[in-house]
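# Observations on chain architecture
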Amino acid sequence: MVIVGGWRLKYKKPPKPKKSDGKKFKEYRRRNDKLSQLGYAGYAEYLKGDDWKRVREDKLRRFPQCLLCERVANQVHHLDYSHEVLLGLRPQLLVTLCGDCHERIEFDGGEKRSLPEANAELRRLAHEAGLTRWLNMVKQHSAKRRSGKKARAKSSPYLYAAARRAAEYQERIRREAHG
Ligand SMILES: [Zn+2]
(Lines give C-alpha, C1' and ligand atoms only; values in the text may rest on other atoms or scores of the structure.)
Protein backbone atom coordinates (compact mmCIF):
# COMPACT_ATOMS: atom_id res chain seq x y z
CA MET A 1 0.00 0.00 0.00
CA VAL A 2 1.27 3.51 -0.87
CA ILE A 3 0.15 6.75 0.78
CA VAL A 4 0.14 9.83 -1.53
CA GLY A 5 -1.11 13.15 -0.06
CA GLY A 6 -3.42 11.42 2.31
CA TRP A 7 -4.82 9.11 -0.35
CA ARG A 8 -4.24 5.55 0.23
CA LEU A 9 -3.58 3.91 -3.02
CA LYS A 10 -3.96 0.28 -2.83
CA TYR A 11 -2.08 -1.66 -5.42
CA LYS A 12 -3.82 -4.82 -5.96
CA LYS A 13 -1.94 -7.61 -7.55
CA PRO A 14 -3.31 -8.11 -11.01
CA PRO A 15 -5.66 -11.06 -10.95
CA LYS A 16 -4.13 -14.34 -11.92
CA PRO A 17 -5.19 -15.24 -15.40
CA LYS A 18 -8.04 -17.67 -15.15
CA LYS A 19 -7.23 -21.13 -16.26
CA SER A 20 -8.45 -20.41 -19.72
CA ASP A 21 -10.44 -22.81 -21.80
CA GLY A 22 -7.60 -22.78 -24.29
CA LYS A 23 -5.26 -24.30 -21.75
CA LYS A 24 -7.82 -26.50 -20.10
CA PHE A 25 -8.76 -28.02 -23.42
CA LYS A 26 -5.31 -28.30 -24.94
CA GLU A 27 -5.80 -32.04 -25.44
CA TYR A 28 -8.79 -31.34 -27.65
CA ARG A 29 -6.79 -28.80 -29.64
CA ARG A 30 -3.93 -31.26 -30.09
CA ARG A 31 -6.43 -33.89 -31.12
CA ASN A 32 -7.70 -31.59 -33.85
CA ASP A 33 -4.14 -30.97 -35.05
CA LYS A 34 -3.59 -34.71 -35.30
CA LEU A 35 -6.85 -35.19 -37.12
CA SER A 36 -5.85 -32.58 -39.65
CA GLN A 37 -2.60 -34.51 -40.22
CA LEU A 38 -4.77 -37.56 -40.86
CA GLY A 39 -6.77 -35.65 -43.42
CA TYR A 40 -9.81 -34.68 -41.34
CA ALA A 41 -11.13 -31.14 -41.22
CA GLY A 42 -12.14 -31.62 -37.58
CA TYR A 43 -13.49 -33.93 -34.90
CA ALA A 44 -17.05 -33.90 -36.27
CA GLU A 45 -15.75 -35.09 -39.64
CA TYR A 46 -13.66 -37.79 -37.95
CA LEU A 47 -16.71 -39.04 -36.00
CA LYS A 48 -18.60 -39.34 -39.29
CA GLY A 49 -15.71 -40.99 -41.11
CA ASP A 50 -14.75 -44.57 -41.95
CA ASP A 51 -11.84 -44.80 -39.49
CA TRP A 52 -14.00 -44.10 -36.47
CA LYS A 53 -16.88 -46.23 -37.78
CA ARG A 54 -14.55 -49.23 -38.04
CA VAL A 55 -12.78 -48.60 -34.72
CA ARG A 56 -15.99 -47.93 -32.81
CA GLU A 57 -17.89 -50.92 -34.20
CA ASP A 58 -14.97 -53.24 -33.55
CA LYS A 59 -14.62 -52.07 -29.95
CA LEU A 60 -18.37 -52.30 -29.25
CA ARG A 61 -18.53 -55.78 -30.78
CA ARG A 62 -15.79 -57.02 -28.48
CA PHE A 63 -16.94 -55.06 -25.41
CA PRO A 64 -20.71 -54.73 -25.67
CA GLN A 65 -21.18 -53.81 -22.01
CA CYS A 66 -20.58 -50.52 -20.26
CA LEU A 67 -17.32 -50.80 -18.32
CA LEU A 68 -18.82 -49.11 -15.28
CA CYS A 69 -22.42 -50.33 -14.97
CA GLU A 70 -22.52 -53.34 -17.34
CA ARG A 71 -25.60 -52.09 -19.17
CA VAL A 72 -25.49 -52.15 -22.98
CA ALA A 73 -22.72 -49.85 -24.16
CA ASN A 74 -23.40 -47.60 -27.13
CA GLN A 75 -20.55 -45.09 -26.83
CA VAL A 76 -16.79 -45.30 -27.01
CA HIS A 77 -14.57 -43.00 -24.98
CA HIS A 78 -10.99 -42.14 -26.05
CA LEU A 79 -8.60 -42.19 -23.08
CA ASP A 80 -6.04 -40.58 -25.28
CA TYR A 81 -6.00 -38.82 -28.64
CA SER A 82 -2.76 -40.09 -30.10
CA HIS A 83 -2.76 -40.99 -33.81
CA GLU A 84 -2.69 -44.64 -32.79
CA VAL A 85 -5.76 -44.40 -30.59
CA LEU A 86 -7.63 -42.28 -33.14
CA LEU A 87 -6.96 -44.94 -35.76
CA GLY A 88 -7.81 -47.85 -33.46
CA LEU A 89 -4.27 -49.22 -33.24
CA ARG A 90 -4.47 -49.13 -29.46
CA PRO A 91 -7.98 -50.33 -28.72
CA GLN A 92 -6.97 -50.85 -25.08
CA LEU A 93 -7.13 -47.09 -24.70
CA LEU A 94 -10.75 -46.96 -25.84
CA VAL A 95 -13.55 -47.63 -23.37
CA THR A 96 -17.10 -48.70 -24.13
CA LEU A 97 -19.69 -46.95 -21.98
CA CYS A 98 -23.43 -46.38 -21.81
CA GLY A 99 -24.64 -42.84 -22.48
CA ASP A 100 -25.26 -42.11 -18.79
CA CYS A 101 -21.81 -43.19 -17.64
CA HIS A 102 -20.13 -41.36 -20.52
CA GLU A 103 -21.95 -38.18 -19.60
CA ARG A 104 -21.08 -38.66 -15.94
CA ILE A 105 -17.36 -38.70 -16.73
CA GLU A 106 -17.38 -36.00 -19.45
CA PHE A 107 -19.42 -33.43 -17.50
CA ASP A 108 -19.19 -32.01 -14.01
CA GLY A 109 -22.63 -30.63 -13.38
CA GLY A 110 -23.24 -28.97 -16.74
CA GLU A 111 -19.60 -28.16 -17.33
CA LYS A 112 -17.43 -30.04 -19.79
CA ARG A 113 -14.37 -31.60 -18.23
CA SER A 114 -10.95 -31.56 -19.86
CA LEU A 115 -9.71 -34.95 -21.03
CA PRO A 116 -7.42 -35.55 -18.01
CA GLU A 117 -10.28 -34.59 -15.68
CA ALA A 118 -12.71 -36.92 -17.45
CA ASN A 119 -10.18 -39.74 -17.32
CA ALA A 120 -9.52 -39.11 -13.63
CA GLU A 121 -13.26 -39.37 -12.98
CA LEU A 122 -13.43 -42.57 -15.02
CA ARG A 123 -10.53 -44.06 -13.05
CA ARG A 124 -12.18 -43.03 -9.80
CA LEU A 125 -15.45 -44.73 -10.74
CA ALA A 126 -13.60 -47.80 -12.04
CA HIS A 127 -11.74 -47.98 -8.75
CA GLU A 128 -15.02 -47.78 -6.86
CA ALA A 129 -16.39 -50.58 -9.01
CA GLY A 130 -13.35 -52.72 -8.15
CA LEU A 131 -12.02 -52.82 -11.73
CA THR A 132 -8.41 -53.28 -10.66
CA ARG A 133 -7.40 -55.42 -13.64
CA TRP A 134 -8.71 -52.84 -16.07
CA LEU A 135 -7.00 -50.00 -14.22
CA ASN A 136 -3.67 -51.84 -14.31
CA MET A 137 -4.07 -52.69 -17.98
CA VAL A 138 -4.70 -49.04 -18.86
CA LYS A 139 -1.75 -47.92 -16.78
CA GLN A 140 0.51 -50.34 -18.65
CA HIS A 141 -0.71 -49.26 -22.05
CA SER A 142 -0.40 -45.58 -21.22
CA ALA A 143 3.15 -46.17 -19.99
CA LYS A 144 4.02 -48.06 -23.19
CA ARG A 145 2.81 -45.14 -25.23
CA ARG A 146 4.93 -42.72 -23.24
CA SER A 147 8.01 -44.83 -23.86
CA GLY A 148 7.36 -44.42 -27.57
CA LYS A 149 6.85 -47.97 -28.79
CA LYS A 150 5.32 -47.36 -32.17
CA ALA A 151 6.35 -50.51 -33.97
CA ARG A 152 2.79 -51.75 -34.35
CA ALA A 153 1.58 -48.45 -35.67
CA LYS A 154 4.35 -48.36 -38.27
CA SER A 155 3.43 -51.75 -39.64
CA SER A 156 -0.28 -51.09 -39.77
CA PRO A 157 -2.05 -50.79 -43.12
CA TYR A 158 -4.48 -48.36 -41.51
CA LEU A 159 -1.72 -45.92 -40.77
CA TYR A 160 -0.54 -46.08 -44.38
CA ALA A 161 -4.05 -45.37 -45.55
CA ALA A 162 -4.33 -42.46 -43.14
CA ALA A 163 -0.94 -41.12 -44.15
CA ARG A 164 -1.96 -41.29 -47.80
CA ARG A 165 -5.15 -39.39 -47.02
CA ALA A 166 -3.17 -36.79 -45.12
CA ALA A 167 -0.86 -36.35 -48.10
CA GLU A 168 -3.84 -35.97 -50.44
CA TYR A 169 -5.37 -33.45 -48.09
CA GLN A 170 -2.18 -31.39 -47.97
CA GLU A 171 -1.93 -31.54 -51.73
CA ARG A 172 -5.51 -30.26 -52.02
CA ILE A 173 -4.76 -27.39 -49.61
CA ARG A 174 -1.64 -26.54 -51.65
CA ARG A 175 -3.59 -26.56 -54.89
CA GLU A 176 -6.32 -24.39 -53.42
CA ALA A 177 -3.74 -21.94 -52.09
CA HIS A 178 -2.12 -21.62 -55.53
CA GLY A 179 -5.26 -21.90 -57.63
ZN1 LIG B 1 -22.92 -47.29 -17.73
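Residues numbered from 1 in each chain as written. Predicted model: local features only at pLDDT ≥ 70, side-chain atom pairs only at ≥ 80, totals over all residues.

## Focus: the overall build of the chain
The helix and strand inventory of the chain stands at ten helices and six strands. The buried share of the chain, taken over its 179 residues, is 20%. Taking contacts inside the chain between residues at least 6 apart in sequence as the whole, the part at least 24 apart equals 60%. (Helix = DSSP H or I, 4+ residues; strand = E, 2+ residues; numbered from the N terminus. Buried ≥ 20, exposed ≤ 12 C-beta atoms within 10 Å, placed from the backbone. Contact = placed C-beta atoms within 7 Å.)

## Concerning the environment of Pro 91
Mapping Pro 91 onto the fold places it in the loop between helix H5 (83-86) and strand S4 (94-97). Pro 91 gets classed as partly exposed once you count the C-beta atoms within 10 Å, which come to 16. Taking the C-alpha atoms as reference, Pro 91 lies 9.0 Å from Asp 58; in sequence the two are 33 residues apart.

## Some words on helix H7 (residues 115-128)
Its 14 residues place the ends of H7 20 Å apart at the C-alpha level, agreeing with the 20 Å of an ideal helix rising 1.5 Å per residue. Among all positions of H7, only Leu 115, Ala 118, Asn 119 and Leu 122 are buried. The buried residues of H7 occupy an angular sector of 95 degrees when projected down its axis, which confines them to one face. Looking at H7, the residues exposed on the side facing more than 90 degrees away from the buried face are Pro 116, Arg 124, His 127 and Glu 128. Residues of H7 that are buried in the fold lie against helix H2 (26-37), S4 and helix H6 (99-106). (Expected span 1.5 Å × (residues − 1). Arc of directions from axis to C-beta.)

## A closer look at the nonpolar core
If you look at soluble globular proteins, the nonpolar side chains tend to sit buried side by side. If you look at the biggest cluster of nonpolar residues, it comprises 25 residues, and the most contacted ones within it are Leu 86, Val 95 and Leu 97. Sorting the residues of this core by element identifies H5, S4, H6 and H7 as the ones contributing at least two each. Excluding residues within four positions of it along the chain, Leu 97 makes contact with Cys 66, Leu 67, Leu 68, Ala 73, Gln 75, His 77 and His 102. (Core = buried A, V, L, I, M, F, W, Y, C linked by C-beta atoms within 7 Å.)

## Considerations on the confidence of the model for the chain
In this model, the chain carries an average pLDDT of 84, and 78% of its residues clear a pLDDT of 70 or more. Across the chain, S4 holds the top mean pLDDT of 98, while helix H9 (residues 151-155) sits lowest at 51. (pLDDT = per-residue confidence, 0-100.)

## Comments concerning the environment of Ala 162
Here Ala 162 shows up in helix H10 (residues 157-178). Exposure remark for Ala 162: the 21 C-beta atoms within 10 Å place this residue in the buried category. Not counting residues within four places of it along the chain, the set of residues in contact with Ala 162 comprises Leu 38, Gly 39, Asp 51 and Leu 87.

## Notes on H2
In this model, H2 (twelve residues) spans 17 Å end to end at C-alpha, consistent with the 16 Å of a helix rising 1.5 Å per residue. One or two positions beyond H2, positive phi appears at Gly 39, with a value near 95 degrees.

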